[in-house]
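Spelled out, the chains give:
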Amino acid sequence: TPAETPAPTSPSRVASNFVISRGGVYDGYLWRSDDAATPAVSIRTTEPVVISNCRTESRGIHILSEKDAQLKITNCSALGLNPNKRGQHPGRFIH
């Protein structure tokens, strides 16, 4: 029998300041933002969005979504980076 391919240990796709404008499944991404005023990923749709097996690294908000977003997040991690601004703390995972 053939050996099973192991699951990836880290996201395989890298994007900065990513915008999701259509529903769908987004799997295996590393999203990053080095600007405290810009989220690592913005969700600008009310269509269903599934984010899985991801990692976000951000100096501000990690995931910014529409008010009425239909969002499901599974198996993701986040790293809050120093925003390098006096008195400001790393942003929230989702807002």
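All values derive from a computational prediction rather than experimental measurement.

## Description of the packing of aromatic side chains
By the definition in use, this model includes 5 aromatic pairs. Between Phe 18 and Tyr 29 the ring centres are 5.3 Å apart and the planes differ by 40 degrees, which places this aromatic pair in the tilted class. On the criterion of sequence distance, the pair formed by Phe 18 in strand 2 (residues 18-20) and Tyr 29 in strand 4 (residues 29-33) is long-range, its members being 11 residues apart. Both residues of the pair, Phe 18 and Tyr 29, count as buried. Aromatic side chains Tyr 26 and Tyr 29 sit 6.5 Å apart centroid to centroid with 45 degrees between the ring planes, which places their arrangement in the tilted category.

## What about the nonpolar core?
Grouped together as the largest cluster of nonpolar side chains are 13 residues, with contacts concentrated most on Phe 18, Ile 20, Tyr 26, Trp 31 and Ile 51. Only strand 2, strand 4, strand 5 (41-43) and strand 6 (48-52) provide two or more residues apiece to this core. Aside from chain neighbours lying at most four places away, what touches Ile 20 is Tyr 26, Trp 31, Val 41, Ser 42, Ile 43, Arg 44, Thr 45, Val 49 and Ile 51.

## Some remarks on the sheet that holds strand 7 (residues 55-58)
Reading across from one edge, 1-4-7-10 is the order of the 4 strands in this open sheet, with parallel pairing throughout. Sheet topology places strand 1 (13-16) and strand 10 (77-80) at the edges, where each strand pairs with a single neighbour. Strand-to-strand, the axes of this sheet are offset by a mean angle of 15 degrees, without reference to chain direction. Of the pairings in the sheet, the one linking strand 4 to strand 7 comprises 4 bridges and is parallel in character. Its bridge partner being in strand 7, Ser 33 is matched across the sheet by Ser 58.

## What to know about the state of the cysteines
A covalent bond bridging the sulfur atoms of two cysteines is what the word disulfide describes. Applying the stated rule across the entire model yields 1 disulfide. Covalently, Cys 54 is tied to Cys 76 through a disulfide, its sulfur atoms 2.4 Å apart. Since a negative S-S torsion denotes a left-handed disulfide, the Cys 54-Cys 76 link at about 125 degrees is right-handed. With a gap of 22 residues between them, Cys 54 in the loop between strand 6 and strand 7 and Cys 76 in the loop between strand 9 (70-74) and strand 10 connect regions that are remote in the sequence.

## Concerning the pairing of strand 7
Sheet topology places strand 7 next to strand 10; 4 bridges connect them, and they run parallel. Paired with Ser 58 across the strands is Gly 80, a residue of strand 10.

Cut-offs applied
Residues numbered from 1 in each chain as written. Predicted model: local features only at pLDDT ≥ 70, side-chain atom pairs only at ≥ 80, totals over all residues. Heavy atoms only, no water. Phe/Tyr/Trp six-rings, centres within 6.5 Å; stacked < 30°, edge-to-face > 60°. Helix = DSSP H or I, 4+ residues; strand = E, 2+ residues; numbered from the N terminus. Buried < 20%, exposed > 50% of the residue type's maximum accessible area, 1.4 Å probe, protein only. Core = buried A, V, L, I, M, F, W, Y, C linked by side-chain atoms within 4.5 Å. Contact = heavy atoms within 4.5 Å. Pairing = 2+ DSSP bridges. Axes fitted to C-alpha atoms, helices over the stretch in contact; angles between N-to-C directions. Disulfide = S-S within 2.5 Å.

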